[in-house]
Amino acid sequence: MSHLHIDDFSHDVARILMQAYMTFPRPGALYVEDVIGPTEVDDVGLHSPRHMACLGAMLWLAEEGYLRYQATIFEEGLEQAVLTNKAFVLLTALSELRFDSTDPQLPATVQHERATLAEQFLRAIRSQDSVRTTAVVRYLLSRQPSPVQAEEFSDLIPNLPADAPSLL
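Residues numbered from 1 in each chain as written. Predicted model: local features only at pLDDT ≥ 70, side-chain atom pairs only at ≥ 80, totals over all residues. Heavy atoms only, no water.

So, the overall build of the chain
This is how it is decided: Numbering of helices and strands runs from the N terminus; a helix is a DSSP stretch of H or I covering at least four residues, while a strand is a stretch of E covering at least two. Each residue's exposure class comes from its accessible area (1.4 Å probe, protein chains only) as a fraction of the maximum for that residue type: buried when under 20%, exposed when over 50%, partly exposed otherwise. Between two residues, a contact is recorded if the distance between any of their heavy atoms is within 4.5 Å. To be clear on the numbers: accessible area is Shrake-Rupley with a 1.4 Å probe, and residue cover counts the displayed protein chains and nothing else.
Scanning the chain from N- to C-terminus turns up seven helices and four strands. Listed by position from the N terminus, the elements making up the chain come as α-β-α-α-β-β-β-α-α-α-α. The buried share of the chain, taken over its 168 residues, is 35%. Put simply, of all contacts in the chain between residues at least 6 apart along the chain, 52% involve residues at least 24 apart. Surface summary for the chain: the accessible area is close to 9900 Å², and the carbon and sulfur share equals 54%.

Structure below.
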């Protein structure tokens, strides 16, 4: 049996984090409609359960330390939302989770960028594959930020000493 609410949650989390990532470090408004599309209110002005679930995902991400925000915008979204350090470090880290192989002919900087978790999120969103999106979201949520080791950049920075301290 498929748990559609978990699929919806995974897609929402991916889109919410990528919207915040694309405007980082500038705080901005995150609207539910930008994540799931337009929704309608019922006869008494209440939002759909789907709309409220997306808003719940935004608030949950903030409670879990992935987003900061100033205030809610009624039930429409979050005001002045921005990624936390935790989310930024996780999204820019090299991911062990890879769905696509990287072309070895590409420059090292491009290969490095394509190996990040943020790139995995973008590719999962573009593919519209629920299994892939859920896998990337679960992978991110199961991680804790760790110090970035200098070796991670050895193919990008010539003459980097092997004993260079971690960058974080």
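Some thoughts on the packing of helix 1 (residues 4–23) against helix 6 (residues 117–127)
In a packed pair of helices, the relevant descriptors are the angle between the two axes and the axis-to-axis distance. Convention followed: What counts as an axis is a line fitted to C-alpha atoms, over the stretch in contact for a helix, and the angles between N-to-C directions run from 0 to 180 degrees. For classification, angles of less than 35 degrees are called roughly parallel, those exceeding 145 degrees roughly antiparallel, those between 65 and 115 degrees roughly perpendicular, and all remaining angles oblique. Should the near helix be turned counterclockwise from the far one by less than a right angle, the crossing is left-handed, whereas a clockwise turn marks it as right-handed. Ten residue types, Ala, Val, Leu, Ile, Met, Phe, Trp, Tyr, Cys and Pro, are classed as nonpolar, four, Asp, Glu, Lys and Arg, as charged, and the remainder, Gly among them, as polar.
For the pair helix 1 and helix 6, the least separation of the axes is 10 Å and the interaxial angle reads 125°. Overall, the two elements helix 1 and helix 6 adopt an arrangement that is oblique. Handedness of the crossing formed by helix 1 with helix 6: left-handed. Along its contact with helix 1, which presents Ala 14, Arg 15, Leu 17, Met 18, Tyr 21 and Met 22, the element helix 6 presents Ala 118, Phe 121, Leu 122 and Ile 125. For the contact of helix 1 with helix 6, the per-class residue count stands at nine nonpolar, no polar and one charged.

Some words on the environment of Gly 56
Following the sequence through the fold, Gly 56 ends up in helix 3 (residues 49–63). By relative accessible area, Gly 56 is classed as partly exposed at 33%. The sequence separation of Gly 56 and Glu 75 amounts to 19 residues, and the corresponding C-alpha distance is 9.8 Å.

Details of the packing of aromatic side chains
Counted only if it meets this: Aromatic contacts are taken between Phe, Tyr and Trp rings whose centres are within 6.5 Å, Trp giving its six-membered ring; a plane angle under 30 degrees counts as stacked, one over 60 as edge-to-face, and the others as tilted. Our definition puts a charge over a ring when NZ of Lys or CZ of Arg is within 6 Å of the ring centre and also within 35 degrees of the ring normal.
Counted according to the given criterion, the structure contains two aromatic pairs. With 5.4 Å between their ring centres and 80° between their planes, Phe 9 and Trp 60 make a pair best called edge-to-face. Separated by 51 residues along the polypeptide, Phe 9 in helix 1 and Trp 60 in helix 3 bring together distant segments of the chain. With a centroid separation of 4.6 Å and 15° between ring planes, the pair formed by Phe 24 and Phe 88 is classed as stacked. With Phe 24 in the loop between helix 1 and strand 1 (28–31) and Phe 88 in helix 4 (residues 85–92), this residue pair connects regions lying 64 residues apart in the sequence. In this structure, Lys 86 is placed above the aromatic ring of Tyr 66, and the distance from its NZ or CZ to the ring centre is 4.3 Å.

Section: helix 6
For helix 6, the buried fraction is high: eight of the 11 residues fall into the buried class. Inspection of helix 6 places Leu 117, Ala 118, Glu 119, Gln 120, Phe 121, Leu 122, Arg 123 and Ala 124 among the buried residues, and these make up the whole buried set. One or two steps after helix 6, the chain reaches Gln 128, where phi turns positive at roughly 55°.

Concerning the nonpolar core
To be explicit about the condition: Residues belong to one nonpolar core when they are buried, are Ala, Val, Leu, Ile, Met, Phe, Trp, Tyr or Cys, and are joined through side-chain atoms within 4.5 Å.
The biggest cluster of nonpolar side chains holds 32 residues, and the ones touching the most others in it are Ile 16, Leu 17, Met 58, Leu 67, Leu 91, Phe 121 and Leu 140. Elements represented by at least two residues in this core include exactly helix 1, helix 2 (32–36), helix 3, strand 4 (77–83), helix 4, helix 6 and helix 7 (130–141). Once residues lying within four places of it in the same chain are set aside, the contact partners of Ile 16 are Leu 30, Val 35, Cys 54, Ala 57, Met 58, Leu 61 and Leu 67.

Limitation: the analysis is restricted to geometry and does not speak to function.
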